[in-house]
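Coordinate inspection notes
Chain residues, written in single-letter form:
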Amino acid sequence: MGWKNVLKWSEVTPQALFLNRRQIIAGAGALVATPALARNEWSVEETPNSFEEITGYNNFYEFGYGKEDPAAYAGALTTDPWSVEIGGMVDKPGSYDLADVLKGQTIEERIYRFRCVEAWSMVVPWHGFELSGLLNRVGVQPGAKFVAFETLLRPEEMPGQQGGSFPWPYVEGLRLDEAMHPLTILATGLYDQPMPKQNGAPLRLVVPWKYGFKSIKSIVKITLTDKMPPTTWNILQSNEYGFYANVNPQVDHPRWSQATERPIGGGLFGGRKDTLMFNGYGDHVASLYAGQDLAVDY
Ligand SMILES: Nc1nc2c(c(=O)[nH]1)N[C@H]1C(S)=C(S)[C@@H](COP(=O)(O)O)O[C@H]1N2
Ligand SMILES: [Mo]
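Quick summary incoming for the structure in this document.

Definitions and cut-offs
Residue numbers run consecutively from 1 along every chain, following the written order of its sequence. For this description, chains carry letters from A and ligands carry numbers from 1, given in the order in which they are written. The model is predicted, so local features are restricted to residues of pLDDT at least 70 and side-chain atom pairs to those at 80 or more, both for listing and for counting; the totals for chains, interfaces and linings are taken over all residues. By convention in this description, side-chain values take in all heavy atoms of the structure and omit both hydrogens and water. Secondary structure elements follow DSSP: runs of H or I no shorter than four residues count as helices, runs of E no shorter than two count as strands, and numbering proceeds from the N terminus. Burial classes follow relative accessibility: with a 1.4 Å probe on protein chains only, a residue under 20% of its type's maximum area counts as buried, one over 50% as exposed, and anything between as partly exposed. By construction, the arc corresponds to the directions joining the helix axis to the C-beta atoms. The definition of a nonpolar core used throughout is a set of buried Ala, Val, Leu, Ile, Met, Phe, Trp, Tyr and Cys residues joined through side-chain atoms within 4.5 Å. Contacts are assigned to residue pairs with any non-hydrogen atoms lying within 4.5 Å of each other.

1. Focus on unusual backbone geometry
Residue Pro81 follows Asp80 across a cis peptide bond; omega there is 10°. Topologically, Pro81 is positioned in the loop between helix 3 (69-73) and strand 3 (83-88). The residue Ala119 is not glycine, and still its phi comes out positive at about 80°. Position of Ala119 among the secondary structure elements: in the loop between strand 5 (108-115) and strand 6 (120-130). Take Ala119: its relative accessible area is 6%, and that puts it in the buried class. Phi is positive for Asp192, close to 60°, though the residue is something other than glycine. By the element assignment, Asp192 lies in the loop between strand 9 (185-190) and strand 10 (193-194).

2. Points about helix 5 (residues 131-138)
Residues Leu131, Ser132, Leu134, Leu135 and Val138 constitute the buried set of helix 5. Projected onto a plane normal to the axis of helix 5, the buried residues spread over an arc of 160° and lie on a single side.

3. Some details on the nonpolar core
Membership of the largest hydrophobic core comes to 75 residues, with the highest contact counts inside it found for Trp126, Phe149, Leu205, Trp209 and Ile222. Top contributing element to this core by residue count: strand 6, with 6 residues. Residues in contact with Leu205, not counting those within four places in the same chain, are Leu131, Phe149, Leu174, Thr184, Ile185, Leu186, Lys214, Ser215, Ile216 and Ile219.

Written out as structure tokens, the structure is:
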């Protein structure tokens, strides 16, 4: 895969202009060296999915099981005011309101591949900041080994949380070195807009080398701990969904292959493409798993 200079989304609006211009520039074979380009070593050069695709085809079970349910029902979610409880093994625990969470963090554009465990994929131009920035600010204490995350629990506004067998709230976790990796971001928006509610407003995790279910939405709690935290899909189906959930074309889901994926927006004849180890981010993250058997630690 290529890590090249890419157009910075925020430098060109609107969306159509961005895409046109990008295609024109790419077609002219001059993707580098114009003033509209900015070096962003973490972004991929692929063309992002459309805003409509990214906000119209979602998994957010708090609003239902259908891919169109989040877009239909997430509008009712109150995301302002919002606060995040940060605790556990940190120097400065407390309830941080959103503005305080963002204080001092640099919001960047990150165009990332996104690969769901269900074998569909997108390319998303997120806005966000490195999770490490927040963790460093609150002070991770020695001995902390994992970071646990929790989504809002509010059945009045999240109809999917009313009844059913799902163990709400949705919870996720990362090992501390994964959480501190520069690719791991807390996303605050996409396509230069505040995070749409169906995508996990106002603040959601994005870990691009892992299956999408790790990227927990609408976060209200972050806890540093010395124990591997429980994670929702692992609780529900531990033989199918592990803690690590690294994108891995060589380790199949028990019920389907992970060797290929269906790019959303590829059209009826768009075809499938090969899934890449660590979703193509292996150069950056493979070393985190040196010595681990990823068929065991799936
Ligand atoms: N709280 C919460 N976070 C969640 C989910 C969810 O149902 N609830 N679904 C996960 C799954 S399975 C995927 S693929 C992604 C989807 O993110 P997107 O809708 O922004 O593409 O969100 C993840 N985060
Ligand atoms: Mo997913």
